[in-house]
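Residues per chain are reported as follows:
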Amino acid sequence: MEKINFQNFRIDAENICVDYNGKVALYDANLRLKPGQICGLVGMNGAGKTTFFNALTGFVNISKGKIRINGESVRSAQKDQTIAYVPQNEGIDSQFPISVWDVVMMGRYGSMNIFRCPRESDVQAVKDAIKRVDLTDHLSTPIGNLSGGQRKRTFLARAIAQRASILLLDEPFSGVDIRTEKLISELFIQFKNEGKTILLSTHDMIHVREFCDLVLLINKTVVAYGETSEVFTPENITTTFGGISPDFLFGPES
Amino acid sequence: MELCSFLTLDLFITDPLTHEFMRKALLMSSLVAAVCGFLSSYLTLKGWALMGDAVSHSVMPGVVVAYALGLPFSLGAFIFGVGSVALIGFIKQKSRVKEDTVIGLVFTGFFALGIVLVSKIKSNIDLHSILFGSPLGISLSDVKQTIFISLLVVILLSIFRKDLMLYCFDPRHAKTVGINVFFLHYLLLTCLSLAAVVGLQSVGIILVVAMLITPGATAYLLTDKFDNMTVISVLSAIISSLIGIYVSFWFDLETGGSIVLAQTFIFLFAFLFAPRYGIFKLKKLFAGYK
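Calculation notes
- Residues numbered from 1 in each chain as written.
- Chains lettered and ligands numbered in written order.
- Predicted model: local features only at pLDDT ≥ 70, side-chain atom pairs only at ≥ 80, totals over all residues.
- Helix = DSSP H or I, 4+ residues; strand = E, 2+ residues; numbered from the N terminus.
- Rg over C-alpha atoms; globule rule 2.2 N^0.38 Å.
- Buried ≥ 20, exposed ≤ 12 C-beta atoms within 10 Å, placed from the backbone.
- Expected span 1.5 Å × (residues − 1).
- Contact = placed C-beta atoms within 7 Å.
- Nonpolar A, V, L, I, M, F, W, Y, C, P; charged D, E, K, R; others polar.
- Pairing = 2+ DSSP bridges.
- Axes fitted to C-alpha atoms, helices over the stretch in contact; angles between N-to-C directions.
- Parallel < 35°, antiparallel > 145°, perpendicular 65-115°, else oblique.
- pLDDT = per-residue confidence, 0-100.
- Left-handed = near helix turned anticlockwise from the far one by under 90°.

## So, the overall build of chain A
Working step 1: Regarding its fold elements, chain A presents 10 helices and 9 strands.
Working step 2: Its C-alpha radius of gyration of 18 Å places chain A within 12% of the 18 Å reference for a compact globule of 254 residues.
Working step 3: Along the three orthogonal principal directions, the C-alpha set of chain A runs to about 50 × 40 × 40 Å.
Working step 4: Looking at chain A as a whole, 43% of its 254 residues are labelled buried.

The structure is reproduced here in structure tokens:
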């Protein structure tokens, strides 16, 4: 078991910029997260949430700035299986001919040999991960036959099987049933106690208040960042959503 | 009765096998079909049908130039196949023209260049056999090349089978766990070019895209497991080739067209009667209730 130093930064992104063919998607963004922290990533569609995730996983190159994962480069974080990405349900082809077991096994690919032959330990990791998300009855079910919530749990299991210390989750609560929502919430608390670092994007403000120690409000760049209780104010949210008041967005009770 | 059907079998199945060119055509086309069928599962899942069409047409000038220079035609085809994809990527990135438009204009440009070159370069190139394939008239050096390329593609696909599946399914995850996505992208493109090269001998440049997408599409309707999909795809491709060649022999039809038509009929059959995804699956459901 790796020793976790709760004082060192897991994620340290400094002034990062990302542009696609000259179009700026994200600029001067900063983020620092320690082990055991859960951070909410909040912003409008097109505000750069997915781009932020892409930069952290190395799926897009940053044009400026620096990203350190556990003090090392993104490249070596990839090699060390440090980061797991849990995609949005819309981000995957649900008709792909593949079973729950095979998807979760993909979490182990990075640490297998070139032929991706599962070892005893890989099989065990996959079994355990599937058990934790309560899908043991669906091992060989094609993902096309799963509900939205079950599919979300499948990808969460893949991240668990990967044994990553950083989890990036794109809209983990969108389109899931109550049972899945409860299960994911419980898992978050377990992850936190295990010292994992979690960054999740969400549209649901209630979830931010419920789980997130920290919140990062973005609109192409960081609008506000800090402890949820301090930063997650109606004024900041209004700024993040381009002047629309949170009352209008979330109803008068928020 | 039994004797009668035995005689028919003898006449229709084994008699063609007494011809050397038929044996060669059946063997070579099955091999080519197997390679294209294997690749086909990946292309249909990745959504690369149009890319397959583009690459297969773009190899035309390569084939002509290679013949003119006395080089192996697969080499020329390969260079132009990969080159077309690079050009498509470049134009797409540097202009505001949409991708399908870029693909369309690049491959037709390459194809036209090939046709012009054929008419200009005096050689013994048979335009007809390039466009429509000539599995019955395949030469010995072509046989060697085809076997070599086919084995190469099958070995590459077998080694990177799972990585390619992951690349088609979720490239972002592949990248996140340190798998070289760039390499896989070009590996798949390389295999596509090579498969197009061997496929064009069977069915010709115009129809080779069918070899690269129809078996995969058929298999996709019949299974929910990736491994099964590959097996079904390869089998349906081989069966289509055999049917196509026999039918073309019995009725004196264009061989390439017959092979592709056989594939299309198998697809239509799956489309109508596939247990889960066919359009008549409802009937089966109702039958179950009674």
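Still more to cover.
## So, helix 12 (residues 255-273) of chain B
Residues and elements named next belong to chain B.
Working step 1: Here helix 12 spans 27 Å end to end across 19 residues, near enough to the 27 Å set by a 1.5 Å rise per residue.
Working step 2: Taken as a whole, helix 12 has its buried residues at Thr255, Gly256, Ser258, Ile259, Val260, Ala262, Gln263, Ile266, Phe267 and Ala270.
Working step 3: Where helix 12 is buried, its residues contact helix 2 (20-46), helix 6 (127-132), helix 10 (181-222) and helix 11 (226-251).

## Focus: the interface of chain A and chain B
Working step 1: Taken together, the 25 residues of chain A in the interface contact 21 residues of chain B.
Working step 2: Contributing elements (two or more residues each) for the side of chain A that touches chain B: helix 2 (74-79) and strand 5 (83-86) of chain A.
Working step 3: At 3 residues, the largest contribution of residues to the side of chain A that touches chain B is made by strand 5 of chain A.
Working step 4: Looking at side-chain class alone, the side of chain A that touches chain B contains 13 nonpolar, 9 polar and 3 charged residues.

## Examining the pairing of strand 1 (residues 11-20) of chain A
The side chains of a regular strand alternate, first on one face of the sheet and then on the other.
Residue and element names in this part refer to chain A.
Working step 1: Pairing of strand 1 with strand 2 (residues 23-33), which is carried by 7 bridges, proceeds in the antiparallel orientation. Of the residues in strand 2, the one forming a bridge with aspartate 19 is valine 24.
Working step 2: Hairpin connection from strand 1 to strand 2: 2 residues lie between these consecutive antiparallel strands, with asparagine 21 at a positive phi of about 50 degrees.
Working step 3: With 5 bridges connecting them, strand 1 and strand 4 (residues 64-69) associate as antiparallel partners. Within strand 4, the residue paired with aspartate 12 across the bridge is arginine 68.

## A few points about the packing of helix 8 (residues 161-169) of chain B against helix 10 of chain B
Any two packed helices are characterised by how steeply their axes cross, that is the angle between the axes, and by the distance between the axes.
Residue and element names in this part refer to chain B.
Working step 1: Relative to each other, helix 8 and helix 10 sit at 100 degrees, their axes nearing to 10 Å. Classified by the angle their axes make, helix 8 and helix 10 are roughly perpendicular. Residue-level inspection shows Asp163, Leu164 and Tyr167 of helix 8 in contact with helix 10, the latter providing Val181, Leu184 and Leu188.
Working step 2: Within the contact of helix 8 with helix 10, the residues separate by chemical class into 5 nonpolar, no polar and 1 charged.

## Thoughts on the confidence of the model for chain A
Working step 1: Per-chain confidence: chain A averages 90 in pLDDT, with 94% of residues scoring 70 or above.
Working step 2: Of all helices and strands in chain A, the one with the weakest mean pLDDT is helix 10 (residues 246-250) of chain A (55), whereas helix 3 (residues 100-105) of chain A scores best (97).

## Observations concerning the sheet that holds strand 2 of chain A
Residue and element names in this part refer to chain A.
Working step 1: On the basis of which strands lie adjacent, the open sheet formed by 3 strands has the order 2-1-4 and antiparallel pairing. Of all strands in the sheet, those with a lone pairing partner are strand 2 and strand 4, marking the two edges. Mean inter-strand twist for the sheet, computed between neighbouring axes without regard to direction, equals 25 degrees.
Working step 2: Sheet contacts for helix 1 (residues 49-57): strand 1, strand 2 and strand 4; angle to strand 1, the most-contacted strand, approximately 115 degrees.

## With respect to the environment of leucine 26 of chain B
Working step 1: Note on placement: leucine 26 of chain B falls in helix 2.
Working step 2: Placed 145 residues apart in sequence, leucine 26 of chain B and proline 171 of chain B show a C-alpha to C-alpha distance of 38 Å.

## Things to note about the sheet that holds strand 3 (residues 38-42) of chain A
Residues and elements named next belong to chain A.
Working step 1: Spatially, 5-6-7-3-8-9 is the arrangement adopted by the 6 strands of the open sheet, whose pairing is mixed. Looking at the sheet topology across the chains shown, the edges are occupied by strand 5 and strand 9 (222-227). The average angle at which neighbouring strand axes cross in this sheet is 15 degrees, direction not considered.
Working step 2: Sheet topology places strand 8 (residues 214-218) next to strand 9; 5 bridges connect them, and they run antiparallel. If you follow leucine 217 over to strand 9, its bridge partner there is alanine 224.
Working step 3: Packed on one face of the sheet, helix 1 meets strand 3, strand 5, strand 6 (166-170), strand 7 (197-201) and strand 8 and runs near 150 degrees to strand 6.
Working step 4: The strands touched by helix 5 (residues 148-162) within the sheet are strand 5 and strand 6, with strand 5 carrying the most contacts at an inclination of about 175 degrees.

## Things to note about the environment of phenylalanine 271 of chain B
All names here are of chain B.
Working step 1: Mapping phenylalanine 271 onto the fold places it in helix 12.
Working step 2: By C-beta crowding, phenylalanine 271 is classed as partly exposed, having 15 other C-beta atoms within 10 Å.
Working step 3: For the pair formed by phenylalanine 271 and leucine 222, sequence separation is 49 residues and the distance between their alpha carbons is 8.9 Å.

## Side note on the packing of helix 4 (residues 73-94) of chain B against helix 5 (residues 99-120) of chain B
Residue and element names in this part refer to chain B.
Working step 1: It is at 9 Å that the axes of helix 4 and helix 5 come closest, and there the two elements cross at 140 degrees. Taken together, the axis directions place helix 4 and helix 5 in an arrangement best described as oblique. At the point where helix 4 passes helix 5, the crossing takes the right-handed sense. Facing helix 4, whose interface residues are Phe80, Ser84, Leu87, Ile88, Ile91 and Lys92, helix 5 presents Glu99, Val102, Ile103, Val106, Phe107 and Phe110.
Working step 2: Tallied by class, residues from the contact of helix 4 with helix 5 come to 9 nonpolar, 1 polar and 2 charged.

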